[in-house]
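So you can see what is in the structure, the chains are spelled out below.
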Amino acid sequence: MSQSEDFPEELSDTVKNFHGSLGDLQSKLDLMLSQPRTDLYDKLDPMGKAKMDLVSAYAINSLFWMLLKTMGENPGAADVKKELDRVKEAMMRCKEIQDRAKRGRVNQGAAKRLVSSGLWEPGKSKIRP
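Residues numbered from 1 in each chain as written. Predicted model: local features only at pLDDT ≥ 70, side-chain atom pairs only at ≥ 80, totals over all residues. Heavy atoms only, no water.

## As for the overall build of the chain
Next up, step 1: Scanning the chain for helices and strands turns up 6 helices and 0 strands.
Next up, step 2: When its helices and strands are written in sequence order, the chain yields α-α-α-α-α-α.
Next up, step 3: Considering the chain as a whole, with its 129 residues, one finds that 11% of them fall into the buried category.
Next up, step 4: Total accessible area computed for the chain in this model is approximately 10900 Å², and 58% of it derives from carbon and sulfur atoms. (Helix = DSSP H or I, 4+ residues; strand = E, 2+ residues; numbered from the N terminus. Buried < 20%, exposed > 50% of the residue type's maximum accessible area, 1.4 Å probe, protein only. Areas by Shrake-Rupley, 256 points an atom, 1.4 Å probe, with all protein chains shown as cover.)

## Description of the pattern of salt bridges
Next up, step 1: Taken as a whole and assessed by the stated rule, the structure comprises 6 salt bridges.
Next up, step 2: Between D79 and K82 there is a salt bridge, and its shortest N-O distance comes to 3.6 Å. (Salt bridge = Lys/Arg side-chain N within 4 Å of Asp/Glu carboxyl O.)

## A look at helix 5 (residues 80-102)
Next up, step 1: The terminal C-alpha atoms of helix 5 lie 33 Å apart, and with 23 residues this matches the ideal 33 Å at 1.5 Å per residue to within 8%.
Next up, step 2: When we look at burial in helix 5, the residues that qualify are V80, L84, V87, A90 and C94.
Next up, step 3: Looking at the buried positions of helix 5, the neighbouring elements they touch are helix 4 (46-70). (Expected span 1.5 Å × (residues − 1). Contact = heavy atoms within 4.5 Å.)

## Notes on the nonpolar core
Next up, step 1: M47, L54, V87, A90 and C94 together form the largest nonpolar core, which totals 5 residues.
Next up, step 2: Within the residue set of this core, elements represented by two or more residues are helix 4 and helix 5. (Core = buried A, V, L, I, M, F, W, Y, C linked by side-chain atoms within 4.5 Å.)

## What about the side chain of N61?
Next up, step 1: Turning to its location among the elements, N61 is positioned in helix 4.
Next up, step 2: Relative accessible area serves as the criterion here: at 15%, N61 is assigned to the buried category.

## Comments concerning unusual backbone geometry
Next up, step 1: Located in the positive-phi region is D79, a residue other than glycine, with phi close to 60°.
Next up, step 2: Along the chain, D79 falls in the loop between helix 4 and helix 5.
Next up, step 3: Classification of D79 by relative accessible area gives partly exposed; the value is 41%.

## Structural notes on helix 6 (residues 108-119)
Since the α-helix advances by 3.6 residues per turn, residues separated by three or four positions end up pointing in the same direction.
Next up, step 1: With 12 residues, helix 6 should reach 16 Å at 1.5 Å per residue; the first-to-last C-alpha distance of 17 Å fits that figure.
Next up, step 2: Within helix 6, only 1 of the 12 residues are buried, which leaves it mostly out in the open.
Next up, step 3: The N-cap residue of helix 6 is N107: its side-chain oxygen and the backbone nitrogen of G109 are 3.2 Å apart. (Polar contact = N/O pair within 3.5 Å; in protein donor to acceptor, adjacent residues only side chain to side chain.)

## Let's talk about the packing of helix 2 (residues 12-33) against helix 4
Next up, step 1: Between helix 2 and helix 4, the shortest axis-to-axis distance is 14 Å and the interhelical angle comes to 150°. The element helix 2 and its partner helix 4 pack so that their crossing is left-handed. Of helix 4, the residues touching helix 2 (which contributes F18, L25 and M32) are M52, S56, L63, M66 and T70.
Next up, step 2: A class-by-class count of the residues in the contact of helix 2 with helix 4 yields 6 nonpolar, 2 polar and no charged. (Axes fitted to C-alpha atoms, helices over the stretch in contact; angles between N-to-C directions. Left-handed = near helix turned anticlockwise from the far one by under 90°. Nonpolar A, V, L, I, M, F, W, Y, C, P; charged D, E, K, R; others polar.)

Shown next as structure tokens:
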């Protein structure tokens, strides 16, 4: 019996896709590893450094998840899922910090003047905050 006869036909496309994805991953890792990490890291601002650390942690945990799956083990039993969730939560906090920085600021003095002038009625003295 040949090796192709032993392998289930319904899994062949899945394995081919997996193999292609591993090839893509290898090419991207080769690009990233072509320079020392410290050179890349030193060029980044603190937010960029945090993102790089988070992406690295997520990628490593995802690869470990795939390794356990290919070995036929339950990744949930190895607490990989908890670690992935923890990294996702940190990514969300990082995104919230970025969004907060992009948000417009309210000039409180101007807002108070706007409200007090809107409440002013002719014939009455002005309301001073």
